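Spelled out, the chains give:
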Amino acid sequence: TKIGYVIRQSPTTWDDVRSLSEITLTVMDPNFSIAIPDTTQWTVQIARDWVKSNLSKEENIVLKYEPTLDVNLVGKVKSTNPVTGQKIKYESILNVTAYGKGYVIPNLINKTKEQVQTEFCNLGIAICSFVDVETNDSSSVGKVVSQDIAPDSVKLKSELSKTTIVFGINKLVAPTTT
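Model, not experiment: these values are computed from the prediction. (Residues numbered from 1 in each chain as written. Predicted model: local features only at pLDDT ≥ 70, side-chain atom pairs only at ≥ 80, totals over all residues. Heavy atoms only, no water.)

Our next topic: the environment of Pro82. Here Pro82 is to be found in the loop between β5 (77-81) and β6 (87-89). Given the relative accessible area of 11%, Pro82 is considered buried. Sequence-distant contacts of Pro82, defined by excluding residues within four places in its chain, comprise Ile36, Lys87, Ile88 and Leu94. (Helix = DSSP H or I, 4+ residues; strand = E, 2+ residues; numbered from the N terminus. Buried < 20%, exposed > 50% of the residue type's maximum accessible area, 1.4 Å probe, protein only. Contact = heavy atoms within 4.5 Å.)

The following block contains the structure:
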């Protein structure tokens, strides 16, 4: 919708132009593209603002988050596609990977179902589901024998609260009679 229209001008609106020898107008053409600037200091907000100022719609951004435990990185841009120095067409989408707050999944193996609920599930960290796993070992009855997200995995905290983790709980097998 902006093809053929002035999309940028220098000097900006209301500047005094009487002493200038040149006024620059940028007119949109169908192949208009913009070079991606240095993004090493970008935050998610800077990326959104850049898209709003330079691309056809402020929605022309796709954000993907990668978990980190480094609080100094949360909200900072890790990478873009296209990358710094490459060009992006005015109507294209800028793909941005940024750091999000991560959480380390604890090792809950050998804890009781009650301990898992108290230390993990009831805190709203994740949705918990429990399945019975048959065992002949009476000393391990009621304890977690498996969890479907590996211990020490780092997950986005925002996604984890919507994730179901399935825990296997040992249940004693009834002895068979012959």
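Moving on: the sheet that holds strand β8 (residues 127-135). With mixed pairing, the 3 strands of this open sheet are ordered in space as β8-β11-β9. Edge strands, defined here as strands with exactly one partner in the open sheet, are β8 and β9 (144-147). Adjacent strand axes in the sheet meet at a mean angle of 30° when their direction is disregarded. Sheet topology places β8 next to strand β11 (residues 164-172); 9 bridges connect them, and they run parallel. When the bridges of β11 are listed, Phe130 appears paired with Phe167. (Pairing = 2+ DSSP bridges. Axes fitted to C-alpha atoms, helices over the stretch in contact; angles between N-to-C directions.)

Attention now moves to the confidence of the model for the chain. Interpretation of the predicted coordinates at a detailed level should be avoided for regions scoring low in pLDDT. Of all residues in the chain, 94% attain a pLDDT of 70 or more, and the chain-wide mean is 90. β5 holds the highest mean pLDDT among the elements of the chain, 97, whereas strand β1 (residues 6-10) holds the lowest, 80. (pLDDT = per-residue confidence, 0-100.)

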